[in-house]
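# Secondary and tertiary structure notes
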Amino acid sequence: MIEKSRKVDRLSLELGDITRFMGDAIVNAANESLLGGGGVDGAIHATAGPDLLAECRALHGCATGQAKLTGGYHLSARHVIHAVGPVWYGGTRGEEALLASAYRSCLELAEQYDLRTVAFPAISTGVYGYPLEEATRVALRTILAWLGDHLLPEHVTCMCYNQRTLEMYESVLASLIKEGRNA
Ligand code: ADP
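Below or above, wherever it landed, is the structure these notes cover. (Residues numbered from 1 in each chain as written. Predicted model: local features only at pLDDT ≥ 70, side-chain atom pairs only at ≥ 80, totals over all residues. Heavy atoms only, no water.)

## Side note on the overall build of the protein chain
- The helix and strand inventory of the protein chain stands at six helices and six strands.
- Its C-alpha atoms give the protein chain principal-axis dimensions of roughly 50 × 35 × 30 Å.
- In the protein chain, which comprises 183 residues, the share counted as buried stands at 47%.
- Restricting to contacts in the protein chain with at least 6 residues of sequence separation, those with at least 24 account for 71%.
- Looking at the protein chain as shown, the accessible area adds up to about 8900 Å², and 52% of this sits on carbon and sulfur atoms. (Helix = DSSP H or I, 4+ residues; strand = E, 2+ residues; numbered from the N terminus. Buried < 20%, exposed > 50% of the residue type's maximum accessible area, 1.4 Å probe, protein only. Contact = heavy atoms within 4.5 Å. Areas by Shrake-Rupley, 256 points an atom, 1.4 Å probe, with all protein chains shown as cover.)

See the structure below:
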């Protein structure tokens with residue numbers, strides 16, 4: 001029980017714009033090219049400035065389910081972790097495993113680069129069409145499992161861009177905590 005409440009204490013759910021997050025890293029919901037796109041990706045590149053795109057170009061893309069680290073340039077966060085979530089095809093193309101892998105890859109980079117505070121957007125739930133409830137379950141389960149086994153990152157923020165997303169995260173987190181208690 002002590003272990004369970006401790007990992008939940010290292011997770012915050014917030015309403016806001018991830019480009020304003022002040023901390024060690026923000027996660028970008030990128031595409032395989034890493035050359036920018038719409039949604040959160042566009043907002044991150046717009047705030048970071050053109051040097052971010054130049055660094056991304058040198059990375060030569062990123063496979064779905066993986067992540068790569070860059071500097072944060074004009075962002076308030078020191079680094080950007082570019083994660084590529086899956087496009088939703090109805091759940092028949094390994095989307096759940098790929099989404100969990102994208103979250104885990106970010107957390108592995110945070111550990112490797114000694115990043116203490118990391119903020120995630122709701123990867124794949126925009127243009128990529130992953131249903132919000134299912135994506136939220138994968139996100140929170142993967143993050144909580146990681147926090148249960150690792151000291152870094154010390155704190156994870158799930159940055160919800162709108163009220164609907166925040167309410168979904170709150171309700172899924174409450175049900176996971178309840179399931180954990182009954183386990
Ligand atoms: P994907 O292609 O992975 O679906 P999107 O950028 O289209 O990525 O959407 C991912 C999520 O990011 C969506 O839930 C969207 O509401 C959210 N989002 C968009 N802009 C921001 C932002 N500035 N801060 C945090 N979340 C954002």
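The structure having been displayed, the exposition proceeds.
## Considerations on the site of the ligand
- For the ligand, the set of nearby residues contains 13 residues, the closest of which are Asp17, Val40, Ser124, Thr125 and Gly126.
- Here a nitrogen atom of the ligand and a backbone polar atom of Ile18 are 2.9 Å apart.
- Contacts to the ligand include Gly126, whose backbone N or O atom sits 2.8 Å from an oxygen atom.
- Surface burial for the ligand is 89%, taken as the share of its 570 Å² of free accessible area covered by protein chains.
- Considered class by class, the residues forming the shell around the ligand number seven nonpolar, five polar and one charged. (Near = heavy atom within 4 Å. Polar contact = N/O pair within 3.5 Å; in protein donor to acceptor, adjacent residues only side chain to side chain. Nonpolar A, V, L, I, M, F, W, Y, C, P; charged D, E, K, R; others polar.)

## Topic: the sheet that holds strand 3 (residues 67–71)
- Read across the open sheet, the six strands follow the order 1-6-5-2-4-3; overall the sheet is mixed. Each edge of the open sheet is held by one strand with a lone partner, namely strand 1 (11–15) and strand 3. Shown here is a sheet whose adjacent strand axes are inclined to one another by a mean of 25 degrees, direction ignored.
- Across the sheet, helix 3 (residues 50–57) touches strand 3 and strand 4 (79–84), and the angle it forms with strand 3 is around 135 degrees.
- Helix 5 (residues 132–149) rests against strand 1, strand 5 (117–120) and strand 6 (155–160) of the sheet, and its axis sits at about 145 degrees to strand 1. (Pairing = 2+ DSSP bridges. Axes fitted to C-alpha atoms, helices over the stretch in contact; angles between N-to-C directions.)

## Details of unusual backbone geometry
- Geometrically, the link from Leu152 to Pro153 is a cis peptide bond, its omega value of -5 degrees lying close to zero.
- Its place among the elements puts Pro153 in the loop between helix 5 and strand 6.
- The phi angle at His60 is positive, at roughly 55 degrees, despite the residue not being glycine.
- Inspection of the secondary structure assignment puts His60 in the loop between helix 3 and strand 3.
- Residue class for His60 comes out exposed when judged on its relative accessible area of 72%.

## Focus on the pattern of salt bridges
- As enumerated under the stated definition, the model contains two salt bridges in all.
- The shortest N-O distance in the salt bridge between Glu133 and Arg137 comes to 3.5 Å. Here Arg137 and Glu133 lie together in helix 5, a separation of four residues that amounts to about one turn.
- The exposure class of Glu133 is partly exposed, given its relative accessible area of 38%. (Salt bridge = Lys/Arg side-chain N within 4 Å of Asp/Glu carboxyl O.)

## Quick notes on the side chain of His45
- Mapped onto the elements of the fold, His45 is located in helix 2 (residues 39–48).
- With residues up to four places along the chain from it excluded, the contact list for His45 reads Asn28, Gly36, Leu52, Leu53, Cys56 and His82.

## A few points about helix 2
- Taken together, the buried positions of helix 2 are Asp41, Ile44, His45 and Ala48. The buried residues of helix 2 all sit within an arc of 95 degrees when viewed along its axis, so they share a single face. In this structure, helix 2 carries Gly39 and Ala46 as exposed residues pointing more than 90 degrees from its buried face.
- Those residues of helix 2 that are buried lie in contact with strand 2 (25–30), helix 3 and strand 4.
- Positive phi appears at Gly49, one or two residues downstream of helix 2, with a value of about 95 degrees. (Arc of directions from axis to C-beta.)

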